[in-house]
Amino acid sequence: MDRSNATHATREAWLYALRDQLKPRFEAAGATIPDNVCLACGWPSGKALGTSTFRRGECWSSESSTGNVFEIFISPRVGDGPLVAGIVLHEVLHAAVGLDQGHKGRFASVGRKLGLVAPMTTFTPTDELAAELRRVVETVGPYPHYEMDPRAVSTAPKKQKGRMVKCECPDCGYTVRTTRKWLDTKGAPLCPD
């Protein structure tokens, strides 16, 4: 994606422009996008880093926000505009019909009217909806985002893979490895210094 062609300076501005383009489609399907929906590109709370499957989007209840807003996160791993548009449609649908519906009930019935097909747990569009989302993205402009690979180098601490737990003295750096069972039953080893 060439950001020099971007119509919107930020991902969030693009996401809100996209949401506004989706409003008439929601109204035609018998649902209204709430005014208190916030959209952002950010890591979903769980299953964001899987290698074969990962969570592409997530909608949080307005009850979890001190600002009484639905917080919708689109994974930074996704950079394809029409796919992001579909993920936004899916997550905004949760906010429009209520998170208590899960992927059944009103979520499924309005989802079908919008152009979603089963399974409702993921974004699967009809050919018509896929074409419509491509047209919407052409109107909104390119998604100003570069996909991220969470397996690449980061400053996050490396997760210990072995069975032995590394223990280190904060004063002198003395290191020893022991089992989790030993730590739980006897406590941390003592430094010989």
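Residues numbered from 1 in each chain as written. Predicted model: local features only at pLDDT ≥ 70, side-chain atom pairs only at ≥ 80, totals over all residues. Heavy atoms only, no water.

As a further point, take the side chain of His 94. Residue position: His 94 is located in helix α2 (residues 81–97). Engagement of the side chain of His 94 in a polar contact is seen with the side chain of His 103, the distance being 3.2 Å. Beyond its immediate sequence surroundings of up to four residues, His 94 is in contact with Cys 59, Leu 99, Gly 102, His 103 and Phe 107. (Helix = DSSP H or I, 4+ residues; strand = E, 2+ residues; numbered from the N terminus. Polar contact = N/O pair within 3.5 Å; in protein donor to acceptor, adjacent residues only side chain to side chain. Contact = heavy atoms within 4.5 Å.)

Packed helix pairs are characterised by how far apart their axes lie and by the angle those axes make with each other. Contact geometry for α2 and helix α4 (residues 127–140): axes closest at 9 Å, N-to-C directions at 110 degrees. In terms of orientation, α2 and α4 fall into the roughly perpendicular class. Regarding α2 and α4, the two cross each other, and that crossing is right-handed. Of the residues in α4, those in contact with Gly 81, Pro 82, Ala 85, Gly 86 and Leu 89 of α2 are Leu 129, Leu 133, Arg 134 and Val 137. (Axes fitted to C-alpha atoms, helices over the stretch in contact; angles between N-to-C directions. Parallel < 35°, antiparallel > 145°, perpendicular 65-115°, else oblique. Left-handed = near helix turned anticlockwise from the far one by under 90°.)

Let us look at the pattern of salt bridges. Under the definition given, this model contains 5 salt bridges. In this structure, Lys 23 engages Asp 20 in a salt bridge whose closest nitrogen and oxygen atoms are separated by 3.7 Å. With Lys 23 and Asp 20 both in helix α1 (residues 11–28) and 3 residues apart, this pair spans about one turn of that helix. Lys 23 gets classed as partly exposed once you look at its relative accessible area, which sits at 25%. A salt bridge links Glu 58 to Arg 55, with the shortest nitrogen-to-oxygen separation between them at 2.6 Å. (Salt bridge = Lys/Arg side-chain N within 4 Å of Asp/Glu carboxyl O. Buried < 20%, exposed > 50% of the residue type's maximum accessible area, 1.4 Å probe, protein only.)

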